[in-house]
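Okay, here's what each chain looks like letter by letter:
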Amino acid sequence: MAAATSSQKITVRKFQVHSNFERFAYLFMRMSGVGLLILAVGHMLIQHVLNSSANLTIEFVAAQWNSWGWKVYDILLLWLAIPHGINGLRNILEDYIHNPTTVKLINRLLALFVVATVIWATIGMALFDASKFQ
Amino acid sequence: MSSLILTIRESLRYRGRSGHVSWMAHRVSGIAILTFLVIHVWDTANAHFWPQAYAWSVAFFKYPLVAVGELVIMAAVLYHAFNGIRITILDFKPEWWMHQQRSATIVWAIFLVLFIPIAIYMFSGIVGHCSELAAHGSTCWQIPPFSDFAKYAN
Ligand code: HEM
């Protein structure tokens, strides 16, 4: 299966990952990472450097979430960051936990947690009524 | 579990070079961001579901120790982002692995150049907030009472 090519002192081995899900998860970590470079780093710089967190209030949040542009930005960030972070946690846990039954249970709980968190927070942001705080 | 303890002990003892340090920093920063993010997301959803709790929490986030924690998360996001891009580039361009050590150094350099001024700026913000409260005879070391935000109760 493995084809090896050598360029100078570097040996490159290419092989096909068998499980489709693992392959997807591997690609998702990298693609979402590129998205998060813009969205997550942007979020940190905008919220904590350009706007100081020292004057953060619910009224300030309401002024921002008065526009659908900011709501969509934050919802996209949520959709990328939670699955990326929880899948990263799954990778780490699988390095240290080897019992297949435990791994399966943890994976189910983590999947449930991703779905619950993403749905709950998306509804919260989408339904947030800025006019109540102005 | 025993393999986790073994990993932590050996990670600290192992005299690996830049690759080992980068791997540990990426892992630790990822977990730090995730821990904060889960709290942050459920807290932020409260802006809609339970505004009083949310209004209280953003006030509580100005407590100096929490604000310093925010600074740590800023460092974690910046390092993790730049190192994540490095991992991605090297994964798709394995021929470039001969530059892995230099690329790790470049990531640390970009991180420091960005983070140091941001850290100074954010830290002076915390100090400014505290001295402003002190000038009014108040203190930033007091956790705001939940009842102060009763007007947001739904
Ligand atoms: C800001 C831009 C980000 C980029 C470019 C990025 C990139 C990456 C990449 C490429 C990996 C895979 C590493 C590997 O498989 O060896 C990874 C792992 C990880 N990421 Fe991110 N990430 C970003 C943001 C985040 C955020 C916001 C979180 C937290 C919610 C996070 C948490 C994690 C965790 C826990 C891991 C697993 C670490 C490990 O396996 O050792 N990352 N990141």
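Everything numeric here is computed off the predicted structure, so don't read it as measured data. (Residues numbered from 1 in each chain as written. Chains lettered and ligands numbered in written order. Predicted model: local features only at pLDDT ≥ 70, side-chain atom pairs only at ≥ 80, totals over all residues. Heavy atoms only, no water.)

Trainee: Account for the overall build of chain B, with residues named and values stated.
Mentor: Within chain B, the regular secondary structure consists of 5 helices and 0 strands. Helices and strands in chain B line up, N terminus first, as α-α-α-α-α. Relative to the compact-globule value of 15 Å for 154 residues, chain B shows a C-alpha radius of gyration of 20 Å, a clear excess of over 25%. Dimensions along the principal axes, computed over C-alpha positions, put chain B at roughly 60 × 35 × 30 Å. The 154 residues of chain B split such that 40% are buried. The long-range share in chain B, meaning contacts at least 24 apart out of those at least 6 apart in sequence, stands at 75%. Within the structure as shown, chain B displays about 8900 Å² of accessible surface, and the carbon and sulfur contribution to it stands at 71%. Charged side chains in chain B number 10 positive and 7 negative. The centres of these two groups are separated by 13 Å. (Helix = DSSP H or I, 4+ residues; strand = E, 2+ residues; numbered from the N terminus. Rg over C-alpha atoms; globule rule 2.2 N^0.38 Å. Buried < 20%, exposed > 50% of the residue type's maximum accessible area, 1.4 Å probe, protein only. Contact = heavy atoms within 4.5 Å. Areas by Shrake-Rupley, 256 points an atom, 1.4 Å probe, with all protein chains shown as cover. Lys, Arg positive; Asp, Glu negative; His and termini not counted. Charge placed at Lys NZ, Arg CZ, Asp CG, Glu CD.)

Trainee: Give a detailed account of the coordination of the iron atom of the ligand, specifying residues and quantitative values.
Mentor: Binding of the iron atom of the ligand to the protein goes through His84 of chain A (NE2) and His80 of chain B (NE2), at separations of 2.0 Å. Of note is the iron atom of the ligand, whose 6 donor atoms meet at the metal with angles of 87 to 179° in an arrangement that counts as octahedral. Here histidine 84 of chain A, found in helix H3 (residues 68–96), pairs with histidine 80 of chain B, found in helix H4 (residues 64–92), and the two come from separate chains. Exposure remark for histidine 84 of chain A: the relative accessible area of 13% places this residue in the buried category. (Donors = N, O, S within 2.8 Å, 3.2 Å for Na, K, Ca; no water. Tetrahedral: all angles 85-135°; square planar, octahedral: opposite > 155°, others 65-115°.)

Trainee: An account of the environment of aspartate 148 of chain B is needed here, citing residue identities and associated values.
Mentor: Residues and elements named next belong to chain B. With respect to the element layout, aspartate 148 can be found in the segment after helix H5 (100–135). With relative accessibility at 52%, the residue aspartate 148 sits in the exposed group. Sequence spacing of aspartate 148 and tyrosine 54 is 94 residues, and the spatial spacing of their C-alpha atoms is 12 Å.

Trainee: Got a sec to walk through the site of the ligand? Specific residues and values, please.
Mentor: In the neighbourhood of the ligand, 23 residues make up the surrounding shell, with Arg30, Gly33 and His84 of chain A together with Arg27 and His80 of chain B lying closest. Lying at an intersection of chains, the ligand is approached by residues of chains A and B. At 3.2 Å, a side-chain N or O of arginine 30 of chain A approaches an oxygen atom of the ligand. The side chain of histidine 84 of chain A places a nitrogen or oxygen atom 2.8 Å from a nitrogen atom of the ligand. Tallied by class, residues from the shell around the ligand come to 12 nonpolar, 9 polar and 2 charged. (Near = heavy atom within 4 Å. Polar contact = N/O pair within 3.5 Å; in protein donor to acceptor, adjacent residues only side chain to side chain. Nonpolar A, V, L, I, M, F, W, Y, C, P; charged D, E, K, R; others polar.)

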